[in-house]
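The primary structure of each chain is shown beneath.
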Amino acid sequence: MTRSGHRAIAVWLLGLVACVAVIAQTRFTADMSAFMPQRPSATQQLLVEQLREGALSRLLLVGIEGGEPAARAELSKQLAGRLAASPEFAGVQNGDAAALAKDRDLLFSHRYLLSPAVNPGRFTVDGLRRAIGDSIDLLASPAGLMIKSLLPRDPTGEMIELVGALGADHGPASAHGVWMSRDGRRALLMAQTVAPGADTDGQEQALARLRAAFGEVRERLPQAADMRLLVSGTPVFSVDARRTIRGEVERLAIVSGVGIIAVLMLVFRSLPALALGLLPVVSGALAGVAAVSLGFGHVHGLTIGFGTTLIGEAVDYSIYYFVQSREGNDGDWRARFWPTIRLGVLTSLFGFASLLFSGFPGLAQLGLYSMSGLLVAAAVTRFVLPPLRPAGFRPPDATAIGRAVAPLLGGLGRLRWLAFGLAVLAVATLVVQRDRLWNLRLSELSPMSPALLALDESLRGELGAPGQGYLVVVGAPEREAALAAAERVAGRLQVLVDQGVIAGFETPTRFLPSRATQQARRAALPERDELARRLREATAGLPLRAERLAPFLDDVETARSVESQPWLDAEILKGSHLTLAVDAMLLQRQSGWSVLLPLRAPAAGEIDAGRVRAAVADEPGAAFLDVGREANRLYAEYLDEAIVLSLAGFAAIAVLLAVSLRSVRRLLRVMAPLAIAVLLVMAGLALAGERMTLLHLVGLLLTVAVGSNYALFFDKADAAIEPRTLASLVVANITTVIGFGALATSTVPVLHAIGVTVGPGAVLALLLSAMLAGGRAR
Amino acid sequence: MKRSGVLPWLTLLAWPLHVHSAWDVDALMKSLARHEGGRARFVETKTIALLDKPVVSSGELRYQPPARLEKRTLKPKPELMVLDGDTLLLERGKQKFQVRLAEQPEALAFVDSLRGTLSGDRATLEKSYKLRLDGNEQRWTLDLLPNDPRIAAFVLRITFGGANSQVEWIRYLQADGDSSTMTIEPVEAR
């Protein structure tokens, strides 16, 4: 072994250790925000933050089925108790009547700071007379039963204002003191994880805690043996996605690994050579993950999934080396074949470099991963394999394979016209199908099973939990300013409710008014003697005598001073369910505070976005967001961007080849098979009714990357391609098809997309290269 | 002495009824069940300890046997209460409340007292109440005494009074001593 060989091995080993060290520290995620833009506009930023950290990303929807309703309710209560006490959960709601009563008490004791009806006019003689008169009228109604006991303390009916604002007409059904589905078969809970959406590990832990707690409670309750736990919500999606991807990656790695190893064994007939042959792949994969981890701070599960695809291309390098080289004559291989391989590697790098510029972190990760993976795999093949090559190893003569295949490819060479004919047909197909080529829905990238989605929909419906829906967003540098802005917007939205444009809205200021508003309300409360005087005057002629209202005077007196009633703040709300609502709608962000006001669409259908926008137009920084549409629009934008980038990648490859081949004819000979292969794959997908996503596009890029090697070898063989070279190409092609064919069977849409594109694409690239090489195979 | 004097009289009063038409709870229920529904005016008087004088409200009732009852209050404040199947809807000004009765057994029992009587559904009534009938076919009163303590916690007794198949008044006696009486006067259907 030469000195440079030793050095290469030492560098390689150090590199591997460094990669493993980096990977050991790496955080792996699986949330969909990887497919959200990096440099977004303000609203997009908010959308991404919502997906990564927002209340929705932390909300678990829980159902309990089976057993008797009463036992189910008991289980729900005990489960809620356990979850509330566990550090993984920020809050739990199950509609427990006792907990709701606590919330009501909190509202009642702070009613003079909370009620929107509190203003100076409310406590004048006239205002009091009107409010008390209304309360007396309400006693005549069936609803009067609810307020009769409160009347001495709350004759002006502030609590009615608050309860009305709570919107008693929506929210889950309940039975036996807890939330229960309408049909009574499921007890329902909502739980909020502490871990945000981007922290898949934390959410997985919370889910495990939930399942464990359910198991323990079920164990202890006598009639709970056949009860089942149903869980949905974004955390479940993230965790499940990661598990699915992990499982798929393992399965695919095993399937394609076994297939590829079998092929390599057949060709190499040597275990050491086989082991060596896999070194570039393994090194490349490790380097890829480490590079992404260093470059992005975390690695998306899909990037790892993509790792299996790298096997398909990186293994080609060692096949080229072992099949093309002869023992003791590495110099010959380096001189005759390496330049072609190097150009192929460069071509791939140019192609993938375009992905680095993608606004989607997910795609940029794929780009960096592929580039560093391929570079390292090629370098290991070039510098590490030769010195490690076992002495006396002679790969079995693969020229036999080459000779066997040569006539077939030779025959293909006479079908040049067929290649162009197919290309024309493909273009025609694409033109006809142009409106159905692309899938513009972000959800298509989600690896969720339909069963999980159906469960989510049913639990969401029963719980009345917010979907993605519609939001008005306001922001300000300070919390108080943000709340004040939200109060102004709420006033506008109330007008829309009255006009029927929206059915309703939520705002955190219902439970946490801005300090200014609290101040104004407190200032509207008269001092005790004055209030007593006005009360006597106001109740003259009413059937309710002022003497009976002493508790009212006491309560107002309490509410007047900060000493006896502190300002309502997040601290006071803590521990109640109101805090969950406030937390979900009031967000601290890097740039300040944002308030989200979710809107409810009218029963008749959709919200008129134009009218909502117009209503909040004069509030600076307020924006209306149709989350579902916005996400899809965003995705469509980035799909457009990815198309442009892919074309740029293709162009970069063309320039690279033009510069290195220095011949238009040769350039065309190399590019034409690749371009036609891409067209045929696209046309095939269109005919099969499969709409392309971002990941199909990546697959096409990979097709060009893999296929360029074939085309270059055919091009390099100036006169006729050698059987040895041909054999290496055929074997490389078979392993590629095995690797990507396995991917095509995946249930994870992203992996499937790549497999279904590259598998056929690689075969086509090889065949077309042979066709267009013009029958020069011997 | 006094007691022994009254009882025979009562027996005497009851005697002819039993002979002629077998007037009892079943007979009343049958008679009520024949009622075809329709419109009526009501006046409701609530006597509340907190207030110096009763609160009076009035409006219109519509009954569609067996499950839908609409109470439209016109005075003092317009209000609409609709009881349909197992939902109770209350609309007052801009505010709207909807209660799903199935979730609230107490409220359901309370509502069933009204609906069960109007539709002559003895089985439903006896799920939650003990029944006591007085009077005769032309002038009867039916007492409903809750046997569920959760209902008794807010209503001690519900009394219906009427003639033949027509309920003419309903009186609620609440656990805190407050009471309300609603008188009902049918509006002749054409």
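On a predicted model such as this, the values are computed, not experimentally measured, just so you know. (Residues numbered from 1 in each chain as written. Chains lettered and ligands numbered in written order. Predicted model: local features only at pLDDT ≥ 70, side-chain atom pairs only at ≥ 80, totals over all residues. Heavy atoms only, no water.)

## A word on the overall build of chain B
Link 1 in the chain: For chain B, the helix and strand inventory stands at five helices and 11 strands.
Link 2 in the chain: Looking at chain B as a whole, 38% of its 190 residues qualify as buried.
Link 3 in the chain: The long-range share in chain B, meaning contacts at least 24 apart out of those at least 6 apart in sequence, stands at 36%.
Link 4 in the chain: Accessible area for chain B stands at about 10800 Å²; split by element, carbon and sulfur atoms hold 56% of it. (Helix = DSSP H or I, 4+ residues; strand = E, 2+ residues; numbered from the N terminus. Buried < 20%, exposed > 50% of the residue type's maximum accessible area, 1.4 Å probe, protein only. Contact = heavy atoms within 4.5 Å. Areas by Shrake-Rupley, 256 points an atom, 1.4 Å probe, with all protein chains shown as cover.)

## Some remarks on the pairing of strand S5 (residues 87–92) of chain B
One face of the sheet, then the other: side chains in a regular strand alternate in exactly this way.
All names here are of chain B.
Link 1 in the chain: Burial along S5 is one-sided: Leu88, Leu90 and Arg92 are buried, while Thr87, Leu89 and Glu91, pointing the other way, are not.
Link 2 in the chain: Across five bridges, strand S4 (residues 79–84) lies against S5 in antiparallel orientation. Bridging from a neighbouring strand, leucine 80 pairs with glutamate 91 of S5.
Link 3 in the chain: Where S4 folds back on S5, the antiparallel hairpin that results is connected by two residues, among which glycine 85 adopts a positive phi of roughly 60°. (Pairing = 2+ DSSP bridges.)

## Let's talk about the confidence of the model for chain B
All names here are of chain B.
Link 1 in the chain: Across chain B, the average pLDDT comes to 80, with 85% of residues at 70 or higher.
Link 2 in the chain: Considering each helix and strand of chain B separately, the mean pLDDT is smallest for helix H1 (residues 2–20), with a value of 44, and largest for strand S8 (residues 139–146), with 91.
Link 3 in the chain: Of the regions scoring below 50 in pLDDT, residues 1–20 engages in five contacts with residues more than four places distant in sequence or in other chains.
Link 4 in the chain: Model confidence for the complex is summarised by a pTM of 0.67, with the ipTM given as 0.77. (pLDDT = per-residue confidence, 0-100.)

## Things to note about the interface of chain A and chain B
Link 1 in the chain: Facing the 29 residues of chain A at the interface are 27 residues of chain B.
Link 2 in the chain: Here chain A packs against chain B, burying approximately 2500 Å² in sum over the two surfaces, 56% of which is carbon and sulfur.
Link 3 in the chain: Of all residues in chain A, Ala140(A), Lys148(A) and Pro543(A) give up the largest surface area on contact with chain B, accounting jointly for 22% of the area buried on that side.
Link 4 in the chain: The interface formed by chain A and chain B contains six salt bridges.
Link 5 in the chain: The salt bridge involving Lys148(A) is made with Asp176(B); its shortest N-O contact spans 2.7 Å.
Link 6 in the chain: There are nine residue pairs in polar contact (both at pLDDT 80 or more) connecting chain A and chain B.
Link 7 in the chain: If you list the elements that add at least two residues to the side of chain A that touches chain B, you get helix H7 (125–140) and helix H9 (158–166) of chain A.
Link 8 in the chain: Partitioned by chemical class, the residues of the side of chain A that touches chain B number 16 nonpolar, five polar and eight charged. (Buried area = accessible area lost by both parts, 1.4 Å probe. Salt bridge = Lys/Arg side-chain N within 4 Å of Asp/Glu carboxyl O. Polar contact = N/O pair within 3.5 Å; in protein donor to acceptor, adjacent residues only side chain to side chain. Nonpolar A, V, L, I, M, F, W, Y, C, P; charged D, E, K, R; others polar.)

## Focus: helix H19 (residues 450–463) of chain A
Residue and element names in this part refer to chain A.
Link 1 in the chain: An ideal rise of 1.5 Å per residue puts 20 Å on 14 residues; H19 measures up with 20 Å between its terminal C-alpha atoms.
Link 2 in the chain: Every buried residue of H19 is listed here: Leu452, Leu455, Asp456, Leu459, Arg460 and Leu463. Take H19 and look down its axis: the buried residues cluster within an arc of 130°, on one side only. Opposite the buried face of H19, at more than 90 degrees from it, the exposed residues are Pro450, Ala451, Glu457 and Gly461.
Link 3 in the chain: Residues of H19 that are buried sit in contact with helix H3 (55–58), strand S2 (59–65), strand S5 (178–179), strand S6 (186–193), strand S7 (228–232) and helix H11 (234–268). (Expected span 1.5 Å × (residues − 1). Arc of directions from axis to C-beta.)

## Focus on the sheet that holds strand S6 (residues 95–100) of chain B
Strand pairs in the sheet, formed through backbone hydrogen bonds, run parallel or antiparallel to each other.
All names here are of chain B.
Link 1 in the chain: Read across the sheet, 11 strands follow the order S6-S5-S4-S3-S2-S1-S11-S10-S9-S8-S7 without closing on themselves; strand pairing throughout is antiparallel. Edge positions in the sheet fall to S6 and strand S7 (129–136), since each has one partner strand and no second. For this sheet, the mean angle separating the axes of adjacent strands, direction not counted, is 15°.
Link 2 in the chain: In terms of strand pairing, strand S10 (residues 166–174) meets strand S11 (residues 179–186) through five bridges, oriented antiparallel. Looking at S11, one finds that tryptophan 169 is bridged to threonine 183. (Axes fitted to C-alpha atoms, helices over the stretch in contact; angles between N-to-C directions.)

## Notes on the side chain of Ser76(A)
Link 1 in the chain: Along the chain, Ser76(A) falls in helix H4 (residues 69–85).
Link 2 in the chain: Ignoring sequence-local partners within four residues, the contact set of Ser76(A) consists of Ile64(A), Asn94(A), Val178(A), Ala187(A) and Leu189(A).

## A closer look at empty space enclosed by the protein
All names here are of chain A.
Link 1 in the chain: Considering all chains together, one arrives at nine cavities of 30 Å³ or more under this definition.
Link 2 in the chain: For the largest cavity, the full set of lining residues is Ile147, Leu150, Leu151, Asp154, Gly157, Met159 and Ile160.
Link 3 in the chain: Its residues assigned to classes, the lining of the largest cavity shows five nonpolar, one polar and one charged. (1 Å grid on protein atoms, 1.4 Å probe; cavity = no way out; pocket = protein on both sides within 12 Å on 5 of 7 lines; lining within 4 Å. Points joined across faces, edges and corners; volume = space filled by probe spheres on them.)

## Description of the packing of aromatic side chains
All names here are of chain A.
Link 1 in the chain: For the structure on display, the rule yields nine aromatic pairs over all chains.
Link 2 in the chain: Ring centres of tyrosine 321 and tryptophan 333 lie 4.8 Å apart, and the angle between their planes is 80°; this geometry places the pair in the edge-to-face category. Of this pair, tyrosine 321 sits in helix H13 (residues 301–324) while tryptophan 333 sits in helix H14 (residues 330–336); the two residues are 12 residues apart in sequence, bridging distant segments of the chain. Judged on exposure class, the residue tyrosine 321 and its partner tryptophan 333 are both buried.
Link 3 in the chain: Each ring, one from phenylalanine 337 and one from phenylalanine 713, has its centre 6.4 Å from the other, and the planes form 50°; the classification is tilted. Of this pair, phenylalanine 337 sits in the loop between H14 and helix H15 (338–356) while phenylalanine 713 is found in helix H29 (residues 694–716), placing the two residues 376 residues apart along the sequence. Accessibility classification places phenylalanine 337 together with phenylalanine 713 in one group, the buried group. (Phe/Tyr/Trp six-rings, centres within 6.5 Å; stacked < 30°, edge-to-face > 60°.)

## As for the sheet that holds S2(A)
Residue and element names in this part refer to chain A.
Link 1 in the chain: A sheet is described by the order of its strands in space; here four strands give the open sequence S3-S6-S2-S7, paired in antiparallel fashion. Only two strands of the sheet have a single partner each, and these edge strands are strand S3 (89–93) and S7. Going across the sheet, the axis of each strand differs from the next one's by a mean of 25°, ignoring polarity.
Link 2 in the chain: Examined bridge by bridge, S2 and S6 share seven bridges and lie antiparallel to one another. Bridging across to S6, glycine 63 finds its partner in leucine 188.
Link 3 in the chain: Where helix H10 (residues 200–220) meets the sheet, its contacts fall on S2, S3, S6 and S7, and the angle it forms with S7 comes to roughly 160°.
Link 4 in the chain: Packing against the sheet, H19 makes contact with S2, S6 and S7, and its axis sits at approximately 100° to S6.

## Some details on the environment of Glu506(A)
Residues and elements named next belong to chain A.
Link 1 in the chain: Summarising the element assignment, glutamate 506 is placed in the loop between strand S10 (504–505) and helix H21 (515–523).
Link 2 in the chain: Each C-alpha atom of the pair glutamate 506 and valine 582 lies 9.8 Å from the other, and the pair is 76 residues apart in sequence.
Link 3 in the chain: A distance of 3.1 Å separates a polar atom in the side chain of glutamate 506 from a polar atom in the side chain of arginine 600.

## So, the pattern of salt bridges
Link 1 in the chain: A complete count under the given rule lists 44 salt bridges over all chains for this structure.
Link 2 in the chain: In this structure, the salt-bridge partner of Asp154(A) is Arg111(A), at a minimum N-O distance of 3.7 Å. Taken together, the residues Asp154(A) in the loop between helix H8 (144–147) and H9 and Arg111(A) in helix H6 (residues 111–114) connect sequence positions 43 residues apart. An identical accessibility class is assigned to Asp154(A) and Arg111(A); each is buried.
Link 3 in the chain: Measuring nitrogen to oxygen at the nearest pair gives 2.8 Å for the salt bridge that ties Arg111(A) to Asp555(A). Of the two residues, Arg111(A) sits in helix H6 while Asp555(A) sits in helix H23 (residues 550–560), which places them 444 residues apart along the sequence. Here Arg111(A) matches Asp555(A) in class, with each residue buried.
Link 4 in the chain: Here the residues in one salt-bridge network are Arg39(B), Glu60(B), Arg62(B), Arg68(B), Glu70(B), Arg72(B) and Asp84(B), joined through shared partners.

## Brief notes about H7(A)
Link 1 in the chain: Compared with the 22 Å implied by 1.5 Å per residue over 16 residues, the 23 Å span of H7(A) between its first and last C-alpha is a close match.
Link 2 in the chain: Every buried residue belonging to H7(A) is among Val125(A), Gly127(A), Leu128(A), Ala131(A), Ile132(A), Gly133(A), Ser135(A), Ile136(A), Asp137(A), Leu138(A), Leu139(A) and Ala140(A), and all of these are buried.

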